[in-house]
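Listed below, chain by chain, are the residues.
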Amino acid sequence: METNLDQARDTLIQGLSRISQFWGFPRGMGAIFGALYLSPVPLSLDELVERAEITKGAVSTNVRALERLGMVHPHVQIGERKDYYTAETDFWKITRSILKERQKSEFDEALRSVGQSLEMVEGTQREEGLSAEEQRRAAFYKQRMGTMQGFFHTLDNLVAAFLALDEFRLNALQKLLK
């Protein structure tokens, strides 16, 4: 019989699945993190299959991705051959890790593609024989792409500032504790 606590756990797991998908990660990653986060003991892959309600292959793949992001950690159980995992509970650490991971790939690619598109438009504007309509469209594209490029650069700088401040906070805290 399912209790209110089981329903609360399942609701959180479903909610984290949706949040995970919203941020561009597989739903299974959110479900696995939710199951681990609400577990007072490390869970095996088989237990995660049951709690997250996804296949063992999906659990295995998503656990590796969560490990890379620093959201879950392997936990050795003496005398056990199974792999066990626990959730990271420091949300600042998770945020920092995700921002670093996402910044490296998607941000750089987005900035590159916007910059390349803008260069193509600027090259087109220098061509002779453009119709008035093409000139208007090129000017419109240049304005819109320039705005987007500025936004991406600002966002990139904000993420870098956040990461730098967080690193400063950690260093200051370590020095204070010494």
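Right, let's walk through the structure included here. Fair warning: this is a prediction, and the values are worked out from it, not measured in the lab. (Residues numbered from 1 in each chain as written. Predicted model: local features only at pLDDT ≥ 70, side-chain atom pairs only at ≥ 80, totals over all residues. Heavy atoms only, no water.)

### Re the packing of aromatic side chains
- In this structure the tally under the stated criterion is five aromatic pairs.
- For the ring pair Phe151 and Phe152, a centre distance of 5.9 Å and an interplane angle of 45 degrees mean the geometry is tilted.
- Assessed through its relative accessible area of 48%, Phe151 is described here as partly exposed.
- Three or more aromatic residues joined by ring pairs form one cluster here, namely Phe33, Tyr37 and Phe91. (Phe/Tyr/Trp six-rings, centres within 6.5 Å; stacked < 30°, edge-to-face > 60°. Buried < 20%, exposed > 50% of the residue type's maximum accessible area, 1.4 Å probe, protein only.)

### Focus on the packing of helix α3 (residues 45-52) against helix α4 (residues 56-68)
- Contact pair α3 / α4: the axes reach a minimum separation of 9 Å and the direction vectors enclose 110 degrees. On the basis of the axis angle, α3 is roughly perpendicular to α4. Side by side, α3 and α4 meet where Leu45, Asp46, Leu48 and Val49 of the first sit next to Lys56, Val59 and Val63 of the second.
- Within the contact of α3 with α4, the residues separate by chemical class into five nonpolar, no polar and two charged. (Axes fitted to C-alpha atoms, helices over the stretch in contact; angles between N-to-C directions. Helix = DSSP H or I, 4+ residues; strand = E, 2+ residues; numbered from the N terminus. Parallel < 35°, antiparallel > 145°, perpendicular 65-115°, else oblique. Contact = heavy atoms within 4.5 Å. Nonpolar A, V, L, I, M, F, W, Y, C, P; charged D, E, K, R; others polar.)

### Description of the pattern of salt bridges
- Taken as a whole, this structure holds seven salt bridges when the rule is applied.
- As a salt-bridge pair, Lys56 and Asp46 come within 2.9 Å of each other at their nearest N and O atoms. Within this pair, whereas Lys56 is found in helix α4, its partner Asp46 is found in helix α3, the two being separated by ten residues in sequence.
- Classification of Asp46 by relative accessible area gives partly exposed; the value is 35%.
- Taking the shortest distance from any N to any O, the salt bridge between Arg112 and Glu109 comes out at 3.2 Å. (Salt bridge = Lys/Arg side-chain N within 4 Å of Asp/Glu carboxyl O.)

By themselves, these are just geometric observations and shouldn't be taken as functional.
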